[in-house]
Each structure stands twice: as structure tokens, then as C-alpha cells.
Amino acid sequence: MIFIDTSALFALLDRDDEAHARARAFFEGSPRSLITHNYAVAETVALVHRRLGPVPARSFLEDLLPSIAIRWVDQEIHRAAVSAFLAAVRRRASLVDWVSFEIMRREGIDHAFTFDRDFAAQGFTLVP
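Below: a short report on this structure. Treat the numbers as computed from the prediction; the structure is a model and nothing was measured. Residue indices begin from 1 for each chain and proceed along its sequence in written order. The predicted nature of this model means local features are confined to residues of pLDDT at least 70 and side-chain atom pairs, given and counted, to a pLDDT of 80 or more, with totals for whole chains, interfaces and linings taken over all residues. Only hydrogens and water are removed before side-chain values are computed, so all heavy atoms of the structure are retained for them.

### A word on the environment of Val127
Here's step 1: Examined against the element boundaries, Val127 turns out to sit in strand 5 (residues 125-127).
Here's step 2: In the structure, Val127 is positioned 105 residues away from Arg22 in sequence and 9.7 Å away in space, judged by C-alpha atoms.
Here's step 3: Contacts are assigned to residue pairs that have any heavy atoms within 4.5 Å of one another. When near neighbours in sequence (up to four residues on either side) are disregarded, Val127 contacts Ile2, Phe26, His111, Ala112, Phe113 and Thr114. Think of it this way: any DSSP run of H or I at least four residues long counts as a helix, any run of E at least two long counts as a strand, and we number them from the N terminus.

What follows is the structure, given as C-alpha cells:
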């Protein structure tokens, strides 16, 4: 299982993104399942809608997202992520990233499909 972050999801959808070709090649060739969480979905659809428009946002929700497992954030994960975010507020990582880190640790996921270096700073292996 590999966690997929907003940065990789956006790169898959934006042909002008500098990481698009690498993201597409990895996504199409990866034999492992991908997982994200509902906060990352909300963050991605907002970003895609704002930067790329409604058609790519719809494509994300209807075409890309069904191939990815979604972990729903419960109150316990949310509280743990908020605590970590507040303790590290001077760092760059967003609350959504802290939710990602919490889920990855709880589920034993050590690889992240992302272009966000905050995941590496937390000890995760970045792919591609």
C-alpha cells in the first residue's frame, strides 16, 4: 500500500505541472494499491477546481478517485493530527499533512506518492 498525497494527485491532473510526466508514469506502472484520506480529497478537489477549473475537478472525482482507497478521518485521528500540528506549528507541514502522517503511521504505510518533502522530513520514503 502506498499513500497518495495532494501534490501527486494534482500533478496527475495538471499537464503543465513539472512533475506530471513522472506522476503519470508512476501511477500507470505501480503494482501496489494507493490510499489517501478524505481531508486530502477535499484539499485536492478545492485546489484543482480553483487552479484548473470545474471539468478537471469533475474528472478527479469521477475518473481518478474511484481507483484510490479512501480512509475516512475519525475524531481520534483528527485530534492526534491537530495536536501534532499545534506542537509543530513553526514547521511548514499543513494540518492535512499531519493527518496523512498520522494515518500512515497507524496503518504501517512507509511509502508516499508525493512531491512534498515534508513527508521525507517525517521519515517516509517518497515515490517516484
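### Section: the sheet that holds strand 2 (residues 34-37)
Here's step 1: Paired strands, as defined in this entry, are two strands with at least two bridges between them according to DSSP. Reading across from one edge, 3-2-1-4-5 is the order of the 5 strands in this open sheet, with parallel pairing throughout. Every other strand in the sheet has two partners, leaving strand 3 (69-71) and strand 5 as the edge strands with one partner each. Strand-to-strand twist of the sheet, defined as the mean angle between neighbouring strand axes without regard to direction, takes the value 35 degrees.
Here's step 2: Of the strand pairs in this sheet, strand 1 (residues 2-4) and strand 4 (residues 111-113) are connected by 2 bridges, and their pairing is parallel. Its bridge partner being in strand 4, Phe3 is matched across the sheet by Ala112.
Here's step 3: Each axis is a line fitted through C-alpha atoms, taken for helices only over the stretch in contact, and angles between the N-to-C directions span 0 to 180 degrees. Each of strand 1 and strand 4 touches helix 1 (residues 6-13); the most contacted strand, strand 1, lies at about 70 degrees to it.

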